[in-house]
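Secondary and tertiary structure notes
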Amino acid sequence: MKVLITGIDGYSGWPLALHLLSRGHDVVGIDNFVTRRRVREVGSWSATPIPPFPRRQAAVKELLGKDLGFHRGDMTRYEFVRGVLEREKPDAIVHLAEQRSAPYSMIDVHHAVATQVENLTGTLHLVYAMRECCPEAHLVKMGTMGEYGTPNVDIAEGFFDVEFNGRKDHLPFPRSAGSWYHWSKVFDSGDVMFATKIWGLKATDVMQGVIYGIRTPEITDDRLLTRFDFDETWGTALNRFIAQSVVGLPITPYGKGEQKRGFIALEDSMQSLRIALENPPRAGEYRVFNQFDAAYSVNELAELAHRVAREFGLNPTIEHPPDPRVEAEQHYYNPLHDNLLALGYRRTRDLEAVMREIFHDLIRYRRRLEARRHVMQATVQWRVPDSRPILDARHPREVRPAPGGPRGSASEGPPA
């Protein structure tokens, strides 16, 4: 099977390419490296040094004995997207090429608009190009569990049966997103569902939980490492807690710390995406997979990070700064996730074991974390802006210096 991965240079796209190549699939990718630029924009970089893409391709050839095709370009340019699909004629497409940070989308109006315009435009370009060039292909779109919000009922897997005023129907589960980014993903889902209905495309929408980890079995050499973001804009809470522990900063769960989310290991996320690809839906079908293994509160993550940190001779404290987000800090959370299990998915990795692997890697790259320790504290506020200067997309260097040093330009750079 030939699989086109949009966003192949990213945290999930890169290990997915390695995973599929190692199982005999052909892989070609698209990227414009905007995530690298936007991480530099907020003064950060990947804890793991990421080489330029041609060097990544060369490492794949040397270590896996496989050719990895690549097209550099922007998903907001329709002729580029259509040209790639016309040339490659993929059997399946995994769509990961989107602005993926909720905090980034909340910086200001420019970042909010850029997030929604880019994400929706790229998705619409992709489904239109599929209709014209490869209507038999299977689209796997990466959604997010954040589309659902935290309702006070069980979260169905995409659709549920409802009875209202004496009538019944099978409807999409309501969305209640918590950021401009998450709303862009809601709109994406609606566009893909509509495209399957009117054009007979086949699509799988993966409502992704939070992914954790740096390594998969295919990452056998540091040249094959995926990126690891730890700043407050691009890194997950778990990434940030581990990085804070390594550099001696307090672990900082926001607010009460009772916010719960679903989590899945990087290796198991790759497994679930491969299973989705190898078991496509029928033509005209839009199906939804809730992709996670277990739910944890932010406090549980902080306490686990603290416990594992002590195994490495570290002794961070835990502090609770005010929550910069507008979210329920204590809530019910029980999403269903049966569809992948029915196709043979089985969890293989444990959170605590993977956390030890992350600590081991980040201690190796401690100097890279130390050089950017000031980006681990919350600066982006969801609520009404106060008088502080904020980062503006038109003038990306106009950022208020954070404690510990100024925010400025950063490159992927050489290894620390």
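All values reported here derive from a predicted model rather than from experimental measurement. (Residues numbered from 1 in each chain as written. Predicted model: local features only at pLDDT ≥ 70, side-chain atom pairs only at ≥ 80, totals over all residues. Heavy atoms only, no water.)

1. Overview of the side chain of H19
Note the following rule: Per the convention used, a helix needs a DSSP run of H or I reaching at least four residues, while a strand needs a run of E reaching at least two, with both numbered from the N terminus. Polar contacts here mean pairs of N or O atoms no more than 3.5 Å apart (in protein, one a potential hydrogen donor and the other a potential acceptor; neighbouring residues in sequence count only if both atoms are side-chain atoms). Only heavy atoms enter the contact rule, under which two residues are in contact if any of them lie within 4.5 Å.
Among the secondary structure elements, H19 is positioned in helix 1 (residues 13–22). Polar side-chain contacts of H19 include one of 2.8 Å to the side chain of R274. In this view, H19 contacts E218, M270, Q271 and R274; residues no more than four positions away in its chain are not counted.

2. Description of the packing of aromatic side chains
Defined as follows: Within 6.5 Å between ring centres, the rings of Phe, Tyr and Trp (the latter by its six-membered ring) count as paired, and their orientation is classed by plane angle as stacked under 30 degrees, edge-to-face over 60, tilted in between. Relative accessibility decides the category of a residue: with a 1.4 Å probe and only protein chains considered, values under 20% of the type maximum give buried, values over 50% give exposed, and everything between is partly exposed.
Taken as a whole and judged by the stated rule, the model has twelve aromatic pairs. Ring plane angle 40° and centroid distance 5.1 Å describe the contact between Y104 and W234, whose orientation is recorded as tilted. Placement of Y104 in helix 5 (residues 102–105) and of W234 in the loop between strand 9 (210–212) and helix 8 (237–247) is noted, with a sequence separation of 130 residues between them. Exposure class is identical for Y104 and W234. Each is buried.

3. Digging into the packing of helix 6 (residues 109–133) against helix 7 (residues 180–199)
Cut-off, in case you're wondering: Helix axes are fitted to C-alpha atoms over the stretch in contact, other axes to C-alpha atoms as well, and angles between N-to-C directions run from 0 to 180 degrees. An angle counts as roughly parallel when it lies under 35 degrees, as roughly antiparallel when it exceeds 145, as roughly perpendicular when it falls between 65 and 115, and as oblique in every other case. Two helices that cross are described as forming a left-handed crossing if the nearer one is turned anticlockwise from the farther one by less than a right angle, and a right-handed crossing if clockwise. Residues are grouped as follows: nonpolar covers Ala, Val, Leu, Ile, Met, Phe, Trp, Tyr, Cys and Pro; charged covers Asp, Glu, Lys and Arg; every other residue, Gly included, is treated as polar.
The N-to-C vectors of helix 6 and helix 7 enclose an angle of 15°; their axes lie 9 Å apart at closest approach. Considering the angle they form, helix 6 stands roughly parallel to helix 7. In the packing of helix 6 onto helix 7, the handedness of the crossing is right-handed. Residue-level contacts link A112, T115, Q116, N119, L120, T123, L124, V127, Y128 and R131 of helix 6 to W180, Y181, W183, S184, F187, D188, D191, V192, A195 and W199 of helix 7. Across the contact of helix 6 with helix 7, the residue classes break down as twelve nonpolar, five polar and three charged.

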